[in-house]
Amino acid sequence: MKSLSLQTSSIAASMTVSIDTLAKKLKAEGKDIVSLGAGEPDFKTPEIIRNAAKEAIEQGKTKYVAPTGLEEVRKAVAHKLQKENGLSYSANQIVLTSGAKQAVFNSLAALINPDDEIIIPAPYWVTYPELVKWFKGIPVFIETTPESAFKITPEQLKNAITEKTKAVILNNPCNPSGAVYSPKELKALSEVIVDNDLFCISDEIYEHFCYETEFASIASFAGMYERTILINGFSKSHCMTGWRIGYNALPETIAPLITKIQSQAIHHPSTPAQYGALAALKSDNSFVFNMRDTFKIRRDLLRSKISETLGKQLPNPEGAFYLFVPVQELYGKVTPNGKVISDSISFCSYLLESFGLAIIPGKAFGMDSCIRFSYAASEETLLEASKRFELGVKSLK
Ligand code: PMP
Ligand code: GLU
């Protein structure tokens, strides 16, 4: 047989997805698993959204539509961006996608020529570097630390820029660190981006999950609108992970290219899911804000439990719904079965195999010294996970 695509073979599968799939499979087999693995809110999709999609199906609204998606949904997205983010887009600048993940794919497909450098602050969401490599670009990482609240500075950004730099990916609030850039910090970064004539891919999927710092879109700063590809969606804010619906908001110059990609690659996201998204956009967001308030309580609970076990105060994640925990001091210790914990992968494997606790190794996000817990889970689950984590840590010698 002839060989398969070398380009596609060379990229890694998503570790967040594979651990989530494994945890769900083990659970279905009856194993006693507690998963704080994937970033997936535990609440049901709100009823008005479920009903809107059901109604659409009943009314036969199940046909092909334009590759950018239904115009009334795109208009509603444009209205949201104006009202909540102060950004003026026409419906023609909005492209509905199969989840925000596909909006990331579209953005990189539209920008990258071979050997273009794409700057990615680390820790980063698993998918960014692999998709950059898939399009023959070069991911260039900027390292952050818990001491810098996992944020990059304008100086770091300046130093990472070369003649080959095409774009910066900014995920604000950040998965996995929970870092949130303040409007002042965003302004300073935007000045470097504008001065160096770069594009910015701004992944804002966690925008509603800001607990202390006010959210601002980097597209709203001077000179940024025309160079920002905005990504957002409904998976997190409206508990619609399985619906696969998100969007790109685009400068007029880029919208036609992404529309073309969609027309050839997926045509458009599921039509009933678009009607569900329309109901979400028309709702008053009280559901989202209630969920945010609940997540804040859960964050504080999990953070205090894990801090207690590790005997140190953990960094405070100001956004998203992840606790990113430095655990390097445990590396080198030995499990009751005689295995050495050498990195975040061996630590997370040990917790899953011996205690049925699924969490994600920091290595997946480019920071091996840490592990990631999702706190988008019930208090009961968080307490059980904390108990298992404590047992796991205390059993190491
Ligand atoms: N961006 C980030 C930062 C994410 O954590 C996720 C997780 N799902 C996505 C994009 C993709 O979201 P979706 O489920 O809408 O594809
Ligand atoms: N984004 C979520 C996470 O980081 C879901 C899985 C994925 O798409 O990566 O866990």
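This text follows the structure it describes.
Residues numbered from 1 in each chain as written. Chains lettered and ligands numbered in written order. Predicted model: local features only at pLDDT ≥ 70, side-chain atom pairs only at ≥ 80, totals over all residues. Heavy atoms only, no water.

**What about helix α3 (residues 47-58)?**
Put simply, the rule is: Only runs of H or I of at least four residues qualify as helices and only runs of E of at least two qualify as strands under DSSP, and these elements are numbered from the N terminus. Expected span of a helix, by definition, is 1.5 Å for each gap between consecutive residues, and there is one gap fewer than residues. Burial status follows relative accessibility: with a 1.4 Å probe on protein chains alone, a residue under 20% of its type maximum counts as buried, one over 50% as exposed, and anything between as partly exposed. Note that the arc is defined by the directions from the helix axis to the C-beta atoms. Note on contacts: a residue pair is in contact if any heavy atoms of the two residues lie within 4.5 Å.
Helix length check: α3, at 12 residues, gives a terminal C-alpha distance of 16 Å against a target of 16 Å (1.5 Å per residue), a fit within 8%. Residues I49, A53 and A56 constitute the buried set of α3. Taken around the axis of α3, the buried residues stretch over an arc of 60°, which confines them to a single face. Those residues of α3 that are exposed and aimed more than 90 degrees away from the buried face are E47, K54 and E58. Against the buried residues of α3 lie α10 (271-282). After α3 finishes, the residue G60 shows a positive phi value of roughly 75°.

**Topic: the sheet that holds strand β9 (residues 322-326)**
Using the following cut-off: Paired strands are those between which DSSP finds at least two bridges. Under this scheme, a helix contributes an axis fitted over its contacting stretch, all axes are lines through C-alpha atoms, and angles between N-to-C directions fall in the 0 to 180 degree range.
Overall, antiparallel pairing links the 3 strands, which are arranged β9-β12-β11 in an open sheet. Looking at which strands have only one partner, the edges of the open sheet turn out to be β9 and β11 (360-361). Sitting on the sheet, helix α11 (residues 286-310) touches β9 and β12 (370-374), and the angle it makes with β9 is about 15°.

**Some words on the nonpolar core**
Nonpolar side chains in soluble globular proteins tend to be buried together. So the rule is basically this: The definition of a nonpolar core used throughout is a set of buried Ala, Val, Leu, Ile, Met, Phe, Trp, Tyr and Cys residues joined through side-chain atoms within 4.5 Å.
Grouped together as the largest cluster of nonpolar side chains are 81 residues, with contacts concentrated most on F347, F373 and F389. V65, Y89, A219 and M240 belong to the second-largest nonpolar core, a separate cluster that totals 27 residues.

**A look at the sheet that holds strand β2 (residues 94-97)**
Taken together, 7 strands build an open sheet; the order of strands is β2-β8-β7-β6-β5-β3-β4 and the sheet is mixed. Looking at the sheet topology across the chains shown, the edges are occupied by β2 and β4 (138-143). Neighbour-to-neighbour, the strand axes of this sheet turn through a mean angle of 20°, independent of strand direction. Alignment of strand β3 (residues 117-122) against β4, held across 6 bridges, turns out to be parallel. Counterpart to I119 in the pairing with β4 is V140.

**Quick notes on the layout of surface pockets**
The cut-off we apply is this: A cavity here means a set of points on a 1 Å grid, drawn over the protein atoms and nothing else, where a 1.4 Å probe fits but cannot get out; a pocket is an open set with protein on both sides within 12 Å along at least five of seven lines, and a residue lines either one if it has an atom within 4 Å of a point. Grid points are joined across faces, edges and corners, and a volume is the space filled by probe spheres set on the points. Under the scheme applied, nonpolar residues are Ala, Val, Leu, Ile, Met, Phe, Trp, Tyr, Cys and Pro; charged residues are Asp, Glu, Lys and Arg; polar residues are all the others, including Gly.
The volume enclosed by the largest pocket comes to roughly 500 Å³. What lines the largest pocket is a set of 25 residues, among which V17, G39, K101, W125 and K236 lie closest to the centre. With 4 residues, helix α2 (residues 15-28) is the single largest residue contributor to the lining of the largest pocket. Grouping the amino acids of the lining of the largest pocket by side-chain chemistry returns 8 nonpolar, 9 polar and 8 charged. Size it by volume and the second largest pocket reaches roughly 370 Å³. Among the secondary structure elements, those contributing two or more residues to the lining of the second largest pocket are α2 and β1 (34-35). The element best represented in the lining of the second largest pocket is α2, accounting for 4 residues.

**Observations concerning empty space enclosed by the protein**
For the structure shown, the criterion picks out 1 cavity of 30 Å³ or more. In this structure, the largest cavity spans a volume of roughly 90 Å³. Lining of the largest cavity is provided by 13 residues; of these, P121, P123, I169, N171 and C174 occupy positions nearest its centre. If you list the elements that add at least two residues to the lining of the largest cavity, you get β3 and β5 (165-171). Among the elements that make up the lining of the largest cavity, the one with the highest residue count is β5 (3 residues). Residues that form the lining of the largest cavity fall into these classes: 11 nonpolar, 2 polar and no charged.

**Some remarks on the packing of aromatic side chains**
Under the convention used in this document: When two rings of Phe, Tyr or Trp (its six-membered ring) have centres within 6.5 Å they constitute a pair, described as stacked for plane angles under 30 degrees, edge-to-face for angles over 60, and tilted for the intermediate range.
On inspection of all chains with the given rule, the structure shows 19 aromatic pairs. On the numbers, 6.3 Å between centres and 20° between planes, the contact of F43 with F295 is stacked. Of this pair, F43 sits in the loop between β1 and α3 while F295 is found in helix α11, placing the two residues 252 residues apart along the sequence. Since its relative accessible area comes to 32%, F43 is described here as partly exposed.

**Brief notes about the pattern of salt bridges**
Any two side chains of opposite charge can pair, on the condition that their charged atoms come close. The cut-off we apply is this: Salt-bridge detection follows one rule: a side-chain nitrogen of Lys or Arg within 4 Å of a carboxyl oxygen of Asp or Glu.
One pass over the structure, following the stated rule, counts 22 salt bridges. R299 serves as the salt-bridge partner of E212, at 2.8 Å between the closest nitrogen and oxygen. Here the residue E212 occupies a position in the loop between β6 (199-203) and β7 (228-233), and R299 occupies one in helix α11, the gap between them amounting to 87 residues. Note on E212: relative accessible area 40%, which makes it partly exposed. Through salt bridges with shared partners, a single ionic network connects D32, E384, K387 and R388.

**Digging into the site of ligand 1**
Where we set the bar: Any residue with a heavy atom lying within 4 Å of a molecule or strand is counted as near it. A 3.5 Å cut-off defines polar contacts: any pair of N or O atoms within that distance qualifies, except that in protein one atom must be a possible hydrogen donor and the other a possible acceptor, and neighbouring residues in sequence count only when both atoms are side-chain atoms. Residue exposure ignores everything except the shown protein chains as possible cover, and the areas themselves are Shrake-Rupley values with a 1.4 Å probe. Cavities and pockets are treated as containing a molecule whenever more than half of the molecule's atoms lie within 2 Å of their grid points.
Taken together, 13 residues lie around ligand 1, and A100, N175, D203, Y206 and S235 are the ones closest in. Here K101 contributes a backbone N or O atom positioned 2.9 Å from an oxygen atom of ligand 1. Contact with the protein chains covers 93% of the free accessible surface of ligand 1, which is 390 Å². At a threshold of 2 Å from the grid points, most atoms of ligand 1 map onto the largest pocket. Looking at the shell around ligand 1 element by element, the count peaks at 3 residues for helix α5 (residues 99-111). The class makeup of the residues in the shell around ligand 1 is 5 nonpolar, 4 polar and 4 charged.

**Notes on the environment of N248**
Along the chain, N248 turns up in strand β8 (residues 246-249). Taking the C-alpha atoms as reference points, N248 and C210, separated by 38 residues in sequence, lie 21 Å from one another. Residues contacting N248, with those up to four places away along its chain left out, are Q93, I94, V95, T97, A103, N106, S107, I229, L230, I231 and I258. Within polar-contact distance, the side chain of N248 engages the side chain of N106 at 3.3 Å.

In short, geometric facts, not functional conclusions.
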